[in-house]
Amino acid sequence: MSGTRDPGPGTREKQPPPLDAPGSRLHIALVAGEASGDQLGAELIAQLKQRHPDAQFAGIGGDGMRAAGLEAWFDASELAVMGLAEVLRHLPRLLRLRQVLRQRLLDWQPDVFIGIDAPDFNLAVEAWLKRRGVRTVHYVSPSVWAWREQRAGKIGRSADLVLCLFPMEPAIYARHGVDARYVGHPMADALPLLPDRAAARATLGLHPNTPVLAVLPGSRLGEIHRLAADFIQAARLVAEQVPHLQVVIPAANAACHAALEPLLAATPFPSPRPQLLTGRAREAMVASDVVLLASGTAALEAMLAKRPMVVGYRVAPLSAWIARTLGLLKVERFALPNVLAGQDLAPELMQEACTPQALAAAVLHWLHAPQAVAALQPRYQQLHALLRQDASARAAEAVDQLLAAAPRDLP
């Protein structure tokens, strides 16, 4: 171990030896709560192991992090809770889990704690550990660029270091005196600059020379319930005007697949019928001519796949009214490609504008405007290069720099 810490908020009993000192085996704790966080954590562990082959890793993660070397005290699925009602229902269990985790972390004495996304859970753990002398990192900034910028200061009180996926984020944290580093986006590292559409179509069994529309109405059941019917109706309107249109709908998981099936069965499509998949969203995007999607990370993935897109979204009317009335939203654009570019590369149809007719018209525009599609490609490639920074290696380097820095004085 690299040092002993008082479990209370008092002073540190002794300073940690240098990272490479004999017998200084690093203890690195990580907590991830979703599949995307598990992938980030697995890649980060791999990079940290290259730098510190004898380091030990423990905490909460999924299959990817376990395969990379994490001793998982709990599975990441324990934290995969979405929606206010579901969070409230699981709150007693989550509070007990957090209490057990905090004590186990103190007993294990990590040199650094890395919370990967899952801010509602991780930031509270980070703040608690930070008060007890543990260095803390939060990997993946919440969307402070879009709403409630004041959260940046609170995040800084929890984390010694914030690792950001997008280049506009560190400047926001700097205004609040928070150390934040841009590391790039791992998805940009994973996707090729020139995706192979023909190969993706062959993999999905699609005809190579007829148009393909990929439809992604969200990855959560709440999004499916709010958006899927209108997205499917929009796809039907497009199919009625584009002969032999191939519609591919990749459901995020089995639950979303089950929710989409009756909607598709009730919708009269011309031949060929839409193809409903479970997973394989990336292949569907690469195979497509146009992507119709719910605002979120899928828009970034469609940009990296170099496909024109139409972005739609709708939240509950009360939520929209509160956000507008209180001025919580600080941006004019919501889709990540538009935010990164500072211009409207993709049409955004939000709230009342998100209708089947408007969505279909925007999709048809891309299908009938090959010159506009061609003009997108160099801009998408520039943004891809901006995000392609070898993110996991840069994140590991930033964690190393934090570990090598002089210890903080405890309050």
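Placed above this text is the structure.
Scoring rules and cut-offs
Residues numbered from 1 in each chain as written. Predicted model: local features only at pLDDT ≥ 70, side-chain atom pairs only at ≥ 80, totals over all residues. Heavy atoms only, no water. Pairing = 2+ DSSP bridges. Helix = DSSP H or I, 4+ residues; strand = E, 2+ residues; numbered from the N terminus. Axes fitted to C-alpha atoms, helices over the stretch in contact; angles between N-to-C directions. Contact = heavy atoms within 4.5 Å. Core = buried A, V, L, I, M, F, W, Y, C linked by side-chain atoms within 4.5 Å. Buried < 20%, exposed > 50% of the residue type's maximum accessible area, 1.4 Å probe, protein only. Arc of directions from axis to C-beta. Polar contact = N/O pair within 3.5 Å; in protein donor to acceptor, adjacent residues only side chain to side chain. Salt bridge = Lys/Arg side-chain N within 4 Å of Asp/Glu carboxyl O. Parallel < 35°, antiparallel > 145°, perpendicular 65-115°, else oblique. Left-handed = near helix turned anticlockwise from the far one by under 90°. Right-handed = clockwise from strand over helix to strand, strands pointing away.

Taken in spatial order, the six strands make up an open sheet running β10-β9-β8-β11-β12-β13, and their pairing is parallel. In this open sheet, the two edge strands, each paired with only one partner strand, are β10 (275–278) and β13 (348–350). Averaged over all neighbouring strand pairs, the angle between strand axes comes to 20°, with direction disregarded. Where strand β12 (residues 309–313) and β13 come together, three bridges link them in parallel fashion. Counterpart to valine 311 in the pairing with β13 is glutamate 348. Across the sheet, helix α12 (residues 297–304) is in contact with β11 (290–294) and β12; its angle to β11 comes to roughly 165°.

With respect to topology, seven strands assemble into an open sheet ordered β3-β2-β1-β4-β5-β6-β7, the strand pairing being parallel. With one partner strand each, in any of the chains shown, β3 (70–75) and β7 (180–182) form the two edges of the open sheet. Direction aside, neighbouring strands of the sheet carry axes that sit 20° apart on average. Relative to strand β5 (residues 135–139), strand β4 (residues 112–116) is paired through five bridges, and the arrangement is parallel. In the strand pairing of β5, isoleucine 116 is matched with tyrosine 139. The sheet strands contacting helix α4 (residues 119–130) are β1 (27–32), β2 (56–61), β4 and β5, and the helix crosses β5 at an angle near 165°.

Core analysis: the biggest nonpolar cluster contains 118 residues, and Leu30, Ile114, Tyr139 and Met309 have the highest contact counts within it. With nine residues, the single largest contributor to this core is helix α9 (residues 221–241). Once residues lying within four places of it in the same chain are set aside, the contact partners of leucine 30 are Leu44, Ile45, Phe57, Ala58, Gly59, Ile60, Met65, Leu70, Ile114 and Ile116. Ala29, Ile60, Leu101 and Val134 belong to the second-largest nonpolar core, a separate cluster that totals 18 residues.

Another point: helix α8 (residues 197–204). Side chains of residues three or four places apart in an α-helix project in the same direction, reflecting 3.6 residues per turn. Taken as a whole, α8 has its buried residues at Ala200, Arg201 and Leu204. Along the axis of α8, the buried positions cluster into a sector of 100°, meaning they face one direction only. In this structure, α8 carries Ala198 and Ala202 as exposed residues pointing more than 90 degrees from its buried face. At its buried positions, α8 is contacted by β8 (212–216), β10 and α11 (281–287). Its side-chain oxygen placed 3.3 Å from the backbone nitrogen of alanine 198, aspartate 196 serves as the N-cap of α8. In the stretch just after α8, glycine 205 is the one whose phi turns positive, near 70°.

What follows deals with the pattern of salt bridges. Using the criterion set out here, one finds eleven salt bridges in the structure. One salt bridge connects aspartate 179 with arginine 181, and the closest N-O pair in it is separated by 2.9 Å. What makes arginine 181 partly exposed here is its relative accessible area of 27%. One salt bridge in this structure joins arginine 282 and glutamate 301, with 2.6 Å as the shortest N-O distance.

Quick look at the packing of α9 against helix α10 (residues 254–265) now. It is at 10 Å that the axes of α9 and α10 come closest, and there the two elements cross at 30°. The angle between α9 and α10 places the two elements in the roughly parallel class. Two packed elements cross with a definite hand, and for α9 against α10 that hand is right-handed. Contacts from Leu221, Ile224, Ala228, Ala229 and Ile232 in α9 reach Ala255, Cys256, Ala259, Leu260, Leu263 and Leu264 in α10.

Burial analysis of α12 places seven of its eight residues in the buried class, the great majority of the element. Buried residues of α12: Ala298, Ala299, Leu300, Glu301, Ala302, Met303 and Leu304, and no others. The secondary structure elements touched by the buried residues of α12 are α7 (186–190), α11, β11, β12, α14 (336–341) and α16 (370–387). One or two residues past the end of α12 sits lysine 306, with phi positive at roughly 65°.

Right, let's talk about the side chain of threonine 267 for a bit. Tracing the backbone through its elements, the reader meets threonine 267 in the loop between α10 and β10. The class for threonine 267 is buried, based on a relative accessible area of 5%. Side-chain polar atoms of threonine 267 contact the backbone oxygen of leucine 263, separated by 2.7 Å. When residues no more than four places from it in sequence are discounted, the contact partners of threonine 267 are Ile232, Gln233, Arg236 and Arg273.

Glancing now at the environment of arginine 181. Here arginine 181 shows up in strand β7. Measuring from C-alpha to C-alpha, the distance between arginine 181 and glutamate 169 comes to 8.4 Å, with twelve residues separating the pair along the chain. The contacts of arginine 181, once residues within four sequence positions are left out, are Leu161, Val162, Leu163, Cys164, Pro170, Ala398 and Gln401. A distance of 2.9 Å separates polar atoms of two side chains, one belonging to arginine 181 and the other to aspartate 179. A polar atom in the side chain of arginine 181 sits 2.8 Å from the side chain of glutamine 401.

In terms of burial, strand β9 (residues 246–251) is largely enclosed, as six of its six residues are buried. Because side chains alternate across β9, one face comprises the buried residues Gln246, Val248 and Pro250, and the other comprises Val247, Ile249 and Ala251, equally buried. In the sheet, β8 pairs with β9 via three bridges, with the strands oriented parallel. Opposite leucine 213, over in β9, you have valine 247 as the bridge partner. A crossover connection joins β8 to the parallel β9 through α9; in handedness this β-α-β unit is right-handed. Here β9 pairs with β10 via four bridges, running parallel. What sits directly across from isoleucine 249, in β10, is leucine 276. Read from β9 through α10 to β10, the crossover connection turns out right-handed.

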